[in-house]
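Structure assessment
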Amino acid sequence: MSKEWLLNAATNRFQFNFKRNVGAVAEAIRQCSPHDQKEWEAYYFAEVRSREHIEELGRRLYVKLSEVIQAELNSITEQDCIDYLLNLVINRTFDGYETEKTTIYEQLEGLIGTKIEPAPDKWDRGFNVDFFIRVGEKFIGLQIKPVTFANAQQAHLWQDVQDNSHQKFQAQYGGKVFTVVSHKQGDKKVIANPEIIEQIIDEIKRLHL
């Protein structure tokens, strides 16, 4: 394990690099406008924090590493590592997937002004349909995929399977299936192919005829 990585992780965790500990360094260096590192060092120790203060922070960091983090490392078992990775790839991934789908379908529902319902399990497995819109006695299917999946190297294989299952859905339930692609914008998941909204609205109108 890299020494630099450990030092960086511990410094961040215990906030030794926060403004209250080391001062407003970004602001200070702009005020200093140093020509070289030596000039910056002199300014920092004279105007921001003393060398003794930074050295004391270093001693406290060592205590955190040698006592707190070492004790935590010693308490970790092999089973802890196994459980953590299983939880990471199964539980957290699934929870994130479900959250993403819910976020996108709620956005869609507001944009098209029509109730969207979760698809039954047999539709999910048999037709690759996550949600549906009821139009009289007919149904429109919706599938939600992250943009990373849609752009994946093997996406064409998934597309072939999807197209086949979606055609079967339309033959049985009357409405088309639309794939809504999501991507992250800041901290929020948004619809990456907004043109799909008008297509869904047009399909609702068609089924109403």
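Note that the structure is predicted; figures quoted are calculated from it, not measured. (Residues numbered from 1 in each chain as written. Predicted model: local features only at pLDDT ≥ 70, side-chain atom pairs only at ≥ 80, totals over all residues. Heavy atoms only, no water.)

What to know about the nonpolar core
With 20 residues, the main nonpolar core has L108, I112, I116, I133, L142 and I200 as its most contacted residues. Broken down by element, the residue count for this core peaks at 6 residues, all from helix 10 (residues 195–208). Not counting residues within four places of it along the chain, the set of residues in contact with I133 comprises I112, T114, K115, I116, K138, F139, I140, L142, I200 and I204. A10, F16, C32 and V48 belong to the second-largest nonpolar core, a separate cluster that totals 12 residues. (Core = buried A, V, L, I, M, F, W, Y, C linked by side-chain atoms within 4.5 Å. Buried < 20%, exposed > 50% of the residue type's maximum accessible area, 1.4 Å probe, protein only. Helix = DSSP H or I, 4+ residues; strand = E, 2+ residues; numbered from the N terminus. Contact = heavy atoms within 4.5 Å.)

Describing the pairing of strand 3 (residues 138–146)
For a regular strand, side-chain orientation follows a simple rule: the groups alternate between the two sheet faces. Most of strand 3 is tucked away: 7 of the 9 residues are buried. Pairing between strand 2 (residues 131–135) and strand 3: 5 bridges, direction antiparallel. Pairing of I133 across the sheet is with I140, part of strand 3. Linkage of strand 2 to strand 3, two consecutive antiparallel strands, is achieved through a turn of 2 residues, within which G136 is found at a positive phi near 65°. (Pairing = 2+ DSSP bridges.)

Notes on the pattern of salt bridges
Pairing between side chains becomes possible if they bear opposite charge and their charged atoms approach one another. Per the stated rule, a full pass over the model turns up 6 salt bridges. We note a salt bridge from D121 to R125, for which the minimum N-O separation is 2.7 Å. In this pair, D121 and R125 are both assigned in helix 7 (residues 121–127), 4 residues apart and thus about one turn of the helix distant. Look at R125 and you get exposed, because its relative accessible area is 68%. Among the salt bridges present, the one from E203 reaches R206, with a minimum N-O distance of 2.7 Å. Here E203 and its partner R206 are both found in helix 10, 3 residues apart, which amounts to about one turn of the helix. Assessed through its relative accessible area of 3%, E203 is described here as buried. (Salt bridge = Lys/Arg side-chain N within 4 Å of Asp/Glu carboxyl O.)

Things to note about the environment of E98
With respect to the helices and strands, the residue E98 is situated in helix 6 (residues 78–112). When the C-alpha positions of E98 and I191 are compared, they lie 15 Å apart, and in sequence the two are 93 residues distant.

Structural notes on helix 5 (residues 51–75)
Given 3.6 residues per helical turn, the α-helix brings residues three or four places apart onto the same face. Between its terminal C-alpha atoms helix 5 stretches 35 Å, which fits the 36 Å expected from 25 residues at 1.5 Å a residue. Residues of helix 5 that are buried: L57, L61, L65 and I69. Where helix 5 is buried, its residues meet helix 1 (3–13) and helix 2 (19–22). (Expected span 1.5 Å × (residues − 1).)

Points about a nonpolar patch on the surface
Side chains of I82, Y84, L85, L86, L88, V89 and I90 sit close together on the surface and give an oily, nonpolar patch of about 640 Å² of accessible area. With respect to the helices and strands, L86 occurs in helix 6. (Patch = residues over 30% accessible without salt bridge, like charges linked within 9 Å, V, L, I, M, F, W, Y side chains within 5 Å. Areas by Shrake-Rupley, 256 points an atom, 1.4 Å probe, with all protein chains shown as cover.)

Things to note about the packing of aromatic side chains
Throughout the structure, instances matching the rule amount to 13 aromatic pairs. An angle of 70° between the planes, with centres 5.2 Å apart, marks the rings of W123 and F132 as edge-to-face. Taking relative accessible area as the criterion, W123 reaches 6% and is therefore assigned buried. Judged by relative accessible area, F132 falls into the buried class, the value being 6%. Seen from their ring centres, W123 and F169 are 5.2 Å apart, and the 85° between their planes marks the pair as edge-to-face. Linking W123 in helix 7 with F169 in helix 9 (residues 155–173), this pair joins segments that are 46 residues apart in sequence. Note on F169: relative accessible area 0%, which makes it buried. Counting every residue linked through ring pairs, the aromatic cluster contains W123, F127, F132, F139, F169 and Y173. (Phe/Tyr/Trp six-rings, centres within 6.5 Å; stacked < 30°, edge-to-face > 60°.)

Section: the confidence of the model for the chain
Scored by pLDDT, the chain has a mean of 87; 93% of the residues are at 70 or more. Here helix 8 (residues 147–150) stands out as the element of the chain with the lowest mean pLDDT, 64, in contrast to helix 4 (residues 37–47), whose mean of 95 is the highest. (pLDDT = per-residue confidence, 0-100.)

Comments concerning the side chain of S165
Position of S165 among the secondary structure elements: in helix 9. S165 sits in the buried class, given a relative accessible area of 6%. Engagement of the side chain of S165 in a polar contact is seen with the side chain of N128, the distance being 2.9 Å. Look past the residues within four positions of S165 in its chain and what remains in contact with it is G126, F127 and N128. (Polar contact = N/O pair within 3.5 Å; in protein donor to acceptor, adjacent residues only side chain to side chain.)

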